[in-house]
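Each chain, written out:
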Amino acid sequence: MPLLHEVKHALNKLIESGETTVIDLRSIPLAPGEEDRILQTLGVGEIQAKLNALGPSEITETRYAGIWIVTHYNDEEDIIGRFIEVTMMPEILCSQREDMIAAYEAFDTTLEENNESSVEKSE
C-alpha cells in the first residue's frame, strides 16, 4: 500500500535527519477496512499510554520503533482524530514548559507545607 511505503520512508527520514512526520489518517480517503489493515500491519509494540487532556487519547507504539498511532476520542468515545506519527516520542506525551513551571511551584509548596508540618509535630 502506498501509505505504508510513505511510513517506511518517513521512518528512514527520522533515522537519517531526525525529522518527524505526521500522517492524518482521517484526511486520507481510505477504502472500507483499509485503516484496520494498516493498523494490523503496523501492530502493537511495547508502549501504550492513555491520557485525558481536552478529551481522552490513546498513544500506542507500533511493533516498529519510531512509528506511533495517536487516537483522539470525544466524550462519547467516538474517534475524532487518528494519526500515524513517525517520531522519537509523540509531542502529546512531552511535558510542556508552562506545565512544568506550575508543577515546580506546586511541588515547592508541598515541600514547604510538609516541612512546616514536621516542625510543628516535633515541638
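Keep in mind the model is a prediction, meaning the values are calculated, not measured. (Residues numbered from 1 in each chain as written. Predicted model: local features only at pLDDT ≥ 70, side-chain atom pairs only at ≥ 80, totals over all residues. Heavy atoms only, no water.)

Enquirer: I'm lost on the overall build of the protein in this one. Help?
Expert: Summing up its helical and strand segments, the protein has 3 helices and 5 strands in all. Element order for the protein, N to C, with α for helix and β for strand: α-β-α-β-β-β-β-α. Here the C-alpha atoms of the protein give a radius of gyration of 20 Å, more than 25% beyond the 14 Å that 2.2 N^0.38 yields for 123 residues. Sequence-distant contacts, at least 24 apart, represent 35% of the contacts inside the protein between residues at least 6 apart. On the protein, roughly 8700 Å² of surface is accessible, and the fraction owed to carbon and sulfur atoms is 51%. Side-chain charges of the protein comprise 9 positive and 25 negative groups, with the mean position of each set lying 11 Å from the other. (Helix = DSSP H or I, 4+ residues; strand = E, 2+ residues; numbered from the N terminus. Rg over C-alpha atoms; globule rule 2.2 N^0.38 Å. Contact = heavy atoms within 4.5 Å. Areas by Shrake-Rupley, 256 points an atom, 1.4 Å probe, with all protein chains shown as cover. Lys, Arg positive; Asp, Glu negative; His and termini not counted. Charge placed at Lys NZ, Arg CZ, Asp CG, Glu CD.)

Enquirer: Sorry, what's going on with the pairing of strand β5 (residues 79-86) here?
Expert: When a strand is regular, its side chains alternate between the sheet's two faces. Relative to β5, strand β1 (residues 21-24) is paired through 4 bridges, and the arrangement is antiparallel. Directly across from D24, in β5, lies its bridge partner F83. Bridging between strand β4 (residues 67-73) and β5 involves 7 bridges; their strand directions are antiparallel. Each bridged residue has a counterpart across the sheet, and for V70 the counterpart in β5 is F83. Between β4 and the antiparallel strand that follows it, β5, lie 5 residues; E77 among them carries a positive phi value of about 65°. (Pairing = 2+ DSSP bridges.)

Enquirer: Just checking my understanding: could you explain the nonpolar core for this structure?
Expert: Taken as a class, soluble globular proteins show a tendency for nonpolar side chains to be buried jointly. Membership of the largest hydrophobic core comes to 14 residues, with the highest contact counts inside it found for V7, I38, L42, I67, I84 and V86. Listed by contribution, the elements that provide at least two residues to this core are α1 (2-17), α2 (34-42), β4 and β5. Of all the elements, α1 adds the most residues to this core, at 6 residues. (Core = buried A, V, L, I, M, F, W, Y, C linked by side-chain atoms within 4.5 Å. Buried < 20%, exposed > 50% of the residue type's maximum accessible area, 1.4 Å probe, protein only.)

Enquirer: How do you make sense of α2 when you look at a structure like this?
Expert: Of the positions making up α2, those classed as buried are E34, E35, I38 and L42. Here the buried residues of α2 occupy an arc of 105° about the axis, which is enough to place them on one side. The outward face of α2, more than 90 degrees from its buried face, is lined by the exposed residues D36 and Q40. Packed against the buried residues of α2 are α1, β4 and β5. One or two residues past the end of α2 sits G43, with phi positive at roughly 70°. (Arc of directions from axis to C-beta.)

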